[in-house]
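A structural walkthrough
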Amino acid sequence: MTVLDLDARFSAAKEMALEAGKIAMSYFRKPATLGLRSKGLHDPVTLADLAVDHHLRQVIGERFPTDAILSEEVGGGNACNLWVIDPIDGTQNFARGLGHFAISIAFVSESRCEIGVVYNPATGEMFFAKRGEGAFCNDERLEVRSPTGPEDAIIDAGYSTKLPVADYISMLGRLTAADFGFVQNGSAAMGLAHVAAGRLDGYCELVLQSWDVMAGALLIEEAGGWISGFSAGDDLTQGKAILACALSLRGRLIEITGIGAGD
Ligand code: LIP
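As the structure is a prediction and not an experimental result, all values here were calculated from the model. (Residues numbered from 1 in each chain as written. Predicted model: local features only at pLDDT ≥ 70, side-chain atom pairs only at ≥ 80, totals over all residues. Heavy atoms only, no water.)

**A look at the pattern of salt bridges**
Applying the stated criterion across every chain, the model contains 14 salt bridges. When the shortest N-O distance is used, the salt bridge between K130 and D7 registers 3.1 Å. Here K130, found in strand 8 (residues 125-130), pairs with D7, found in helix 1 (residues 3-25); they are 123 residues apart in sequence, far enough to count as distant. We note a salt bridge from R199 to E125, for which the minimum N-O separation is 2.6 Å. Here E125 lies in strand 8 and R199 lies in the loop between helix 5 (188-196) and strand 13 (202-208), a separation of 74 residues in the sequence. Connected through shared salt-bridge partners, D7, K130 and E133 make up one network. (Salt bridge = Lys/Arg side-chain N within 4 Å of Asp/Glu carboxyl O. Helix = DSSP H or I, 4+ residues; strand = E, 2+ residues; numbered from the N terminus.)

Right, here's the structure in full:
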């Protein structure tokens, strides 16, 4: 893919995120409009998710008709040039009127994520990165924190009901026994963006999908952090455990969470 082709997709990803944000906010804190459905325990989907997904697919289809799309709500293909989309990451928060959610858009070329955009329309914060060019939030360049140790670190420990709750409680027990602070904020994409921004020191979750992670992972890499997870050639439709953190915490958190030892 030429530089021009990538630049065109980078601009488009940011433009699409803004348009998608307007669609999402037209439903936000309007429960009667959501058409809330459950995909599983604490795993909702709303008409806003579907409307955003539809818009993103329409724009990509018009502007980049040869690219493939993989999204949480519709699924999709795996191809050389692939968009990986979560129309609303943190749907549970969104459905309850909590502002911690994001539109997550990643562009993957030849199995490597080249573009990542995580946009929170409730706060107006657009987190974005193009590989090799740094990570930003609006006009601020991002850098992960360098915590002095567990007592100076807060980890967003995501909870998914797709695994036994005992596994999650056990991981929390190991984190707290090692003097880490933790939160469970309900959006992987936003959690990863906050690690890239130096607001949090790590993100871990025992199973996540590529659409939750891909864009945020590039933010962290470009902000000087480390992340396990979806590497070249992985099947992006299979969930994986994810750990992301400041470099100074990597060894200790791999040991505590059991995530990323091979990465
Ligand atoms: C969510 C993730 C979150 C996880 C939830 C859910 P969704 O994504 O961002 O980290 O704990 O179970 O998977 O479903 O809101 O796009």
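**Details of the environment of M25**
Relative to the helices and strands, M25 resides in helix 1. Expressed as a C-alpha distance, the spacing of M25 and A122, which sit 97 residues apart in the sequence, is 7.3 Å.

**As for the packing of aromatic side chains**
Tallying each qualifying case throughout the model produces eight aromatic pairs. Aromatic ring contacts, followed pair by pair, group F10, F128 and F136 into a single cluster. Just above the ring of F10 sits the side chain of K14; from NZ or CZ to the centre is 4.0 Å. Above the ring of F128, the side-chain terminus of K14 is found at 4.6 Å from the ring centroid. (Phe/Tyr/Trp six-rings, centres within 6.5 Å; stacked < 30°, edge-to-face > 60°. Lys NZ or Arg CZ within 6 Å of the ring centre and 35° of its normal.)

**Details of the nonpolar core**
V84, V118, F127, L142, V213, M214 and L219 are the most contacted members of the largest nonpolar core, which has 40 residues in total. Of all the elements, helix 6 (residues 210-222) adds the most residues to this core, at eight residues. Apart from residues lying up to four places away in sequence, F127 is in contact with G116, V117, V118, F136, C137, L142, M190, A193, H194, A197, R199 and L219. If you look at the next biggest cluster of nonpolar residues, it comprises 32 residues, including A20, Y27, L56 and F94. (Core = buried A, V, L, I, M, F, W, Y, C linked by side-chain atoms within 4.5 Å. Buried < 20%, exposed > 50% of the residue type's maximum accessible area, 1.4 Å probe, protein only. Contact = heavy atoms within 4.5 Å.)

**Points about the site of the ligand**
Every one of the 15 residues lining the ligand counts as a neighbour, but E72, D86, D89, G90 and E205 are closest to it. Y159 places a main-chain nitrogen or oxygen 2.9 Å from an oxygen atom of the ligand. At 2.8 Å from an oxygen atom of the ligand is found a main-chain nitrogen or oxygen belonging to A188. Protein burial of the ligand: of its 380 Å² of free accessible surface, 90% is covered by the chains. Counting atoms within 2 Å of the grid points, the majority share of the ligand lands in the largest pocket. (Near = heavy atom within 4 Å. Polar contact = N/O pair within 3.5 Å; in protein donor to acceptor, adjacent residues only side chain to side chain. Areas by Shrake-Rupley, 256 points an atom, 1.4 Å probe, with all protein chains shown as cover. 1 Å grid on protein atoms, 1.4 Å probe; cavity = no way out; pocket = protein on both sides within 12 Å on 5 of 7 lines; lining within 4 Å. Sits in = over half its atoms within 2 Å of the grid points.)

**A short note on helix 4 (residues 165-177)**
When the terminal C-alpha atoms of helix 4 are compared, their 18 Å separation across 13 residues agrees well with the 18 Å that a helix rising 1.5 Å per residue should span. Among the residues of helix 4, Y168, M171, L172 and L175 are the ones counted as buried. Each buried residue of helix 4 lies within a common arc of 100° when the element is viewed along its axis, so the set occupies one face. Buried residues in helix 4 make contact with strand 11 (154-157), strand 12 (181-183), strand 13 and helix 7 (250-257). (Expected span 1.5 Å × (residues − 1). Arc of directions from axis to C-beta.)

**A word on empty space enclosed by the protein**
On inspection of all chains with the given rule, the structure shows one cavity of 30 Å³ or more. Listed by contribution, the elements that provide at least two residues to the lining of the largest cavity are helix 4 and strand 13. At three residues, strand 13 tops the list of elements feeding residues into the lining of the largest cavity. Considered class by class, the residues forming the lining of the largest cavity number six nonpolar, two polar and two charged. (Points joined across faces, edges and corners; volume = space filled by probe spheres on them. Nonpolar A, V, L, I, M, F, W, Y, C, P; charged D, E, K, R; others polar.)

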